[in-house]
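# Examination of the molecular architecture
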Amino acid sequence: MSSNNHYDVTAWPVGNPFDDIGEVINSILADIKDRQTVADANNGGKPGAVIYIPPGDYHLRTQVVIDVSFLRIHGSGHGFTSSSIRFNVPDDEWPDLHELWPGGSRILVDIPLTGDEEESQGAAFYVERTGSPRISSVEFSDFCIDGVHFTSDGSELHPENTYVNGKTGIYVANANDSFRVAGMGFVYLENALTIYHADALSVHDNFIAECGSCIELRGWGQASKITDNLIGAGFKGHSIYAENHGGLLITANNVFPRGASSVHLDGVTRSSVTNNRLHSFYPGMVVLAANSSEILVATNHFLRDHEPWTPFFGVDNGLDDLNGLLRISGSNNSVVGNHFSQIIDSQRIRPQGARPVVIRLVAGAGNFVSNNHVVAMDVRTTSNDSCYSAQVDALLTTEAADGLAVTTVMVDSESARNTILDSGSETQVVADRTVNALRPTPTIGF
Amino acid sequence: MSSNNHYDVTAWPVGNPFDDIGEVINSILADIKDRQTVADANNGGKPGAVIYIPPGDYHLRTQVVIDVSFLRIHGSGHGFTSSSIRFNVPDDEWPDLHELWPGGSRILVDIPLTGDEEESQGAAFYVERTGSPRISSVEFSDFCIDGVHFTSDGSELHPENTYVNGKTGIYVANANDSFRVAGMGFVYLENALTIYHADALSVHDNFIAECGSCIELRGWGQASKITDNLIGAGFKGHSIYAENHGGLLITANNVFPRGASSVHLDGVTRSSVTNNRLHSFYPGMVVLAANSSEILVATNHFLRDHEPWTPFFGVDNGLDDLNGLLRISGSNNSVVGNHFSQIIDSQRIRPQGARPVVIRLVAGAGNFVSNNHVVAMDVRTTSNDSCYSAQVDALLTTEAADGLAVTTVMVDSESARNTILDSGSETQVVADRTVNALRPTPTIGF
Amino acid sequence: MSSNNHYDVTAWPVGNPFDDIGEVINSILADIKDRQTVADANNGGKPGAVIYIPPGDYHLRTQVVIDVSFLRIHGSGHGFTSSSIRFNVPDDEWPDLHELWPGGSRILVDIPLTGDEEESQGAAFYVERTGSPRISSVEFSDFCIDGVHFTSDGSELHPENTYVNGKTGIYVANANDSFRVAGMGFVYLENALTIYHADALSVHDNFIAECGSCIELRGWGQASKITDNLIGAGFKGHSIYAENHGGLLITANNVFPRGASSVHLDGVTRSSVTNNRLHSFYPGMVVLAANSSEILVATNHFLRDHEPWTPFFGVDNGLDDLNGLLRISGSNNSVVGNHFSQIIDSQRIRPQGARPVVIRLVAGAGNFVSNNHVVAMDVRTTSNDSCYSAQVDALLTTEAADGLAVTTVMVDSESARNTILDSGSETQVVADRTVNALRPTPTIGF
């Protein structure tokens, strides 16, 4: 059908892409496999194909199942607009709105779901292939996957604010190599991108927002990168999550609220979380859990403040202010040169009257925490003029009347042999100096 | 006209794109709006469109006015070549040149201007829409916007060296969301990219050079990123400028001369300037002005040397060597792990005989300046062999005969309660130790 | 032939792209030059062109010679799959494999070579133009260049494991400006990308693996960037190499084994190696050689462990464990906030019984080494539980029985006036304190 392996969903004779783009793409995939049957014809034979999705609204009622390597599916626009803001506009104002929905090359995920399905059945794109070699070089770029609506989660939240609908944008079930996700938009999906067993994956320059969870690298994986994305998950979910990954590079991302975490690593080793801008409404922004070790967390900007938007007042991730913005259960990690802004209401601190913790070493050994700068402000009593930093606090060595006293580094008894340098004053670092090395940040006249 | 929302400017029946691509694109935009009138047809209805500009020379005599979301305008080449070098080649050598102008998918901005216009009237692309929601997901990629000529500014400069012509590449007047500018080339425009009120903007992997100012984020904005660009403004202008932005991530850019500044932030808060390579011919490379606060300036490479090119000898940004390469009027910022190379002619220091300042804290409080390395050389007296670093200076504790003595950190009396760690020796840091905390970089045998 | 400067290799009347895409592209280039002859027609005249390569297997028997600016050659897929793994699968399992070769828009380099050619003759794409101006804005994107096979190098290695075949992907011979290489795949080439005399080059978001050398910037150059790539060279070659470059930004790359080096800089100055994830099986990961100076090496993650794959057992780069993972022959460099994991077998240390060196300053002066964290483990005796870090070692001040004692920083006598801060304990840093400034990392109870 296509002599040059280039397909356009609007030109394909089987199915109607506007009614069900899933049927169309599956038919194209069957065509590719029909035509590319020879595994080795003169050093080639299965080059794969590219499938183009022009700008338009495409319903997807049939899951796309991908089992060929060297496939690129691309569109001409990530098409993000905020559905969350729009759903919280009063209905009688809707007729005045310029547009109501995301756009671009937009796939509306309309897979019928009862709620009893396996998670993968709610995926618009499902990649599944076993055997050898691992499926390689599948690329998704420059289109929009829209879950359209969230549904009630049984709470008092408006159904469109729950981040729940059982839908996933792209779900990769098996070991894979050299995949790319770039320039995509994901919106209103419970899970945007779920990838098992990734090797040399690139998730680059995407717009992933208003999804329950954004990027989850599950199972295990190695040597991947998550770079230069704009990301923001729902209050229950992960913005960036990885488990048992080695050599993961998470850098240059701008992660906005309201994810339950900004970056959550579970049993991850020898990886980097560097140079990101991270913003959250809750504690628990970066979590190194389950013995995550030898990770470099450096030159990130952490901002934690409070939820400002009425529809989500009272919603959070359940963690209190002793949890830490950065929480480490693991060994031999490096935490260097990060900036932390903790901008909260002293009357809303939990537990009441507690001194909020910024970096907390919960378990492990041998972590190196060096040259981090903590700024803490009480939004209740401070204007910009009277705000002050924990660093200033360190300098003054007493808490300012209208400031916010914090513990910049807390080392629990289950964590030992750590080195804490220049990351808070004598009074701001809580650590047993008989089992940890500590050099407090100098204060005036030291 | 286009059933799949895909337009090619060379195939559109209205106008001639080579004579006036502005007329053609405006006609296409009218067609999009004519066809996409329904705000909500089965969860969709206004997907937007993509407009393609093949390689070619397209004059733009009519300003393009964009008021639809989900629009991508793209070409097939950023088309940069140096017009600045070419204009300074003697005319009689022109016939020997392979080519004379930028190329790729190139728009020549030929809007008739008298000089009395509002700045926005000189814009090739003008984005303007009020009402709700904010205009979203407009994307510009992979084409070239060329202002073609500069004009006399009344000075002795050759008219083509003034960086003045009243032309702007893209001007976004109203609040906007999730815009993208990627892979573009901008050349010989007084302003390349001027965006008001940006939210979640991405300016990524562009080539913006030989423009008066390159990237200006004006008004206010949040959660944007300026990443991985090659940038260099004119001597009067900004390479990267932002005002009243929160959560801005400026990273992985290679910023070359001759911008009056490399990065200038005005009233910006809680943002990052990390991991950039910055090169300038003047002081005032990174400016945190107007109470810019809680900004992380980390692991950047600063190089300041002298203008090497004859046509611009004697031109600079007017700042003297006490100004500082990094200048901060603001509070609670973090300056960590930067490298500074100050390579200048001791006989050209201004004021004469002054000791140049590298980091200057002008006003504010609570800044954290830690582990920065300053290298200073006098081009007049040093070869590569005899050059030495300020660090070495610190080690020797006396100035080498042929080296350049600098103040690595100067804290003015209007700035207090700062912490300065390991960023210069006792003699290199000028700060009142009764109101600032200071740990000088250790010297030999300390 | 093409009124809009847009070419498709499968639609061009001259030649057969599947037999010899080189002949086809050269014919297209001739057409561009035939049509674009006027250097200045109304401020334009030579906009260049775009050449599209749809997914498919294209043999290249004739070298493509590029001498026009503003040319984009692009495909629809980088097409990487591991040929290395496949060639090491027993032949009788091949019929069970899903596919045998890389794919996407794939060029098979079939230039006939005898082995006596100049290196440039083995290049698939050869860019060569002298005169003025420099050739500008040539872009390669989103296709695959595959060398298909390696050949015997006379050693005992299987011929497909030698990384030798005399083939180069892209070779740029002359001074050039504003080139781009993005989204490409390179595989099984002796050299992927060799570029002389680059100015403002961007090598961004490529997949370059299983090549002898990946990126080499030769001769001299300035103001370029190598960002956000997945890269891994062969045991004889360079993953990233540059010589005599100024203002080079190497950031956000994930560099995997088995390159002889991860980043090798020769006479490079005023550049950045920041924020990369680097993994190697040998010492000599980052090399600043030949008086490379004023370079910032910051917030990188270094992991060195042992070759795990049977076909390459016994193969390495010939360097012993005293060489250093980071080795500096140069002055005034900054090494700040890096994490090093040295995970090796104590019984395989060379010279036997030596204490491995992590950072080694071989020659030069004025280097600033600050706040680096070294973790060292002996794979022979340690489980995850018993592993410990050099930092911990520093804390304990004695070597743990089952751990790996390392020298975190060694300063040779030819290097002097360096500053070493918080990068190892008293016993881990080997430096003459009469000519270097040293502050050891604090230990417990200091």
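These numbers were taken from a predicted model, which means no experiment stands behind them.

## A word on the pairing of strand S30 (residues 301–304) of chain C
Residues and elements named next belong to chain C. By the alternation rule, side chains of S30 split into His301 and Leu303 and Phe302 and Arg304, which are all buried. Strand direction decides the pairing type here: strand S27 (residues 277–280) and S30, joined by four bridges, are parallel. Opposite Arg277, over in S30, you have His301 as the bridge partner. Note: S30 against strand S33 (residues 339–344), four bridges, orientation parallel.

## So, a negative patch on the surface
Residues and elements named next belong to chain A. A grouping of Asp91, Asp92, Glu93 and Asp96 is seen on the molecular surface, where their side chains present a negatively charged patch. Here Asp91 is to be found in the loop between helix H2 (83–87) and strand S6 (105–109). Using a relative accessible area of 60% as the deciding quantity, one classes Asp91 as exposed.

## A closer look at helix H1 (residues 17–35) of chain C
For H1 of chain C, spanning 19 residues, the distance from its first C-alpha to its last is only 22 Å, which falls clearly below the expected 27 Å at 1.5 Å a residue. When H1 of chain C is considered as a whole, its buried residues turn out to be Pro17, Asp20, Ile21, Gly22, Val24, Ile25, Ser27, Ile28, Leu29, Asp31 and Ile32 of chain C.

## As for empty space enclosed by the protein
According to the stated counting rule, one finds nine cavities of 30 Å³ or more in the structure shown. Put simply, the largest cavity is a space of about 60 Å³. For the largest cavity, the full set of lining residues is Thr299, Val336, Gly337 and Asn371 of chain A, Thr299, Val336, Gly337 and Asn371 of chain B together with Thr299, Val336, Gly337 and Asn371 of chain C. The residue inventory of the lining of the largest cavity, partitioned by class, reads three nonpolar, nine polar and no charged.

## So, the sheet that holds strand S20 (residues 230–233) of chain C
Residue and element names in this part refer to chain C. If you walk across this open sheet you meet the 11 strands as S3-S6-S10-S14-S17-S20-S24-S27-S30-S33-S36, and the pairing is parallel. On the outer flanks of this sheet lie strand S3 (56–60) and strand S36 (373–378), each paired with one strand and no other. The strands touched by H1 within the sheet are S3 and strand S6 (105–109), with S3 carrying the most contacts at an inclination of about 55°.

## Overview of the interface of chain C and chain B
Chain C puts 68 residues into the contact, and the matching count from chain B is 72 residues. Roughly 5,200 Å² is buried in total at the junction of chain C and chain B, and carbon and sulfur atoms are behind 54% of that figure. For the interface between chain C and chain B, the tally reads six salt bridges. Measuring nitrogen to oxygen at the nearest pair gives 2.6 Å for the salt bridge that ties Asp422 of chain B to Arg439 of chain C. On inspection of chain C and its partner chain B, the count reaches 31 residue pairs in polar contact (both at pLDDT 80 or more). In terms of residue count, the dominant contributor to the side of chain C that touches chain B is strand S41 (residues 437–439) of chain C (three residues). A class-by-class count of the residues in the side of chain C that touches chain B yields 18 nonpolar, 36 polar and 14 charged.

## Thoughts on the environment of Ser132 of chain A
Inspection of the secondary structure puts Ser132 of chain A in the loop between strand S7 (123–127) and strand S8 (135–136). Along the chain, Ser132 of chain A and Ala175 of chain A lie 43 residues apart, while their C-alpha atoms are 9.8 Å from each other. Excluding anything up to four places from it in sequence, Ser132 of chain A contacts Asp96, Leu97 and His98 of chain C.

## Concerning the domain arrangement of chain A
When the parts of a complex come together, some accessible area is lost, and that lost area is often taken as the interface size. Residue and element names in this part refer to chain A. Assigned domains of chain A: these are domain 1 (4–169 + 176–191 + 203–213 + 220–233) and domain 2 (257–446). Taking only C-alpha atoms, the centre of domain 1 and the centre of domain 2 are 36 Å apart. Contact residues are listed per partner, giving eight residues for domain 1 and seven residues for domain 2. Carbon and sulfur atoms make up 65% of the area that domain 1 and domain 2 hide from each other, which totals about 580 Å². Considering only the surface of domain 1 that becomes buried against domain 2, Leu157, Tyr163 and Ala233 emerge as the three largest contributors, covering 52% of it. At the boundary of domain 1 with domain 2, the tally comes to zero salt bridges. The interface formed by domain 1 and domain 2 includes three residue pairs in polar contact (both at pLDDT 80 or more). At the level of secondary structure, the elements contributing two or more residues to the side of domain 1 that touches domain 2 comprise H2 and strand S20 (230–233).

## Things to note about the relation of the copies chain C and chain B
Mapping chain C onto chain B calls for a screw motion: a turn of 120° about the axis and a shift of 0.0 Å along it, with 0.0 Å RMSD after fitting. The two molecules are tied by a three-fold rotation axis, judged by turn and shift. A share of only 7% of interface residues in chain C that are also interface residues in chain B marks the association as one of differing surfaces.

Basis of the calculations
- Residues numbered from 1 in each chain as written.
- Chains lettered and ligands numbered in written order.
- Predicted model: local features only at pLDDT ≥ 70, side-chain atom pairs only at ≥ 80, totals over all residues.
- Heavy atoms only, no water.
- Buried < 20%, exposed > 50% of the residue type's maximum accessible area, 1.4 Å probe, protein only.
- Helix = DSSP H or I, 4+ residues; strand = E, 2+ residues; numbered from the N terminus.
- Pairing = 2+ DSSP bridges.
- Patch = residues over 30% accessible without salt bridge, like charges linked within 9 Å, V, L, I, M, F, W, Y side chains within 5 Å.
- Areas by Shrake-Rupley, 256 points an atom, 1.4 Å probe, with all protein chains shown as cover.
- Salt bridge = Lys/Arg side-chain N within 4 Å of Asp/Glu carboxyl O.
- Lys, Arg positive; Asp, Glu negative; His and termini not counted.
- Charge placed at Lys NZ, Arg CZ, Asp CG, Glu CD.
- Expected span 1.5 Å × (residues − 1).
- 1 Å grid on protein atoms, 1.4 Å probe; cavity = no way out; pocket = protein on both sides within 12 Å on 5 of 7 lines; lining within 4 Å.
- Points joined across faces, edges and corners; volume = space filled by probe spheres on them.
- Nonpolar A, V, L, I, M, F, W, Y, C, P; charged D, E, K, R; others polar.
- Contact = heavy atoms within 4.5 Å.
- Axes fitted to C-alpha atoms, helices over the stretch in contact; angles between N-to-C directions.
- Buried area = accessible area lost by both parts, 1.4 Å probe.
- Polar contact = N/O pair within 3.5 Å; in protein donor to acceptor, adjacent residues only side chain to side chain.
- Domains from an automatic or database assignment.
- Least-squares fit on C-alpha atoms with pLDDT ≥ 70 in both.

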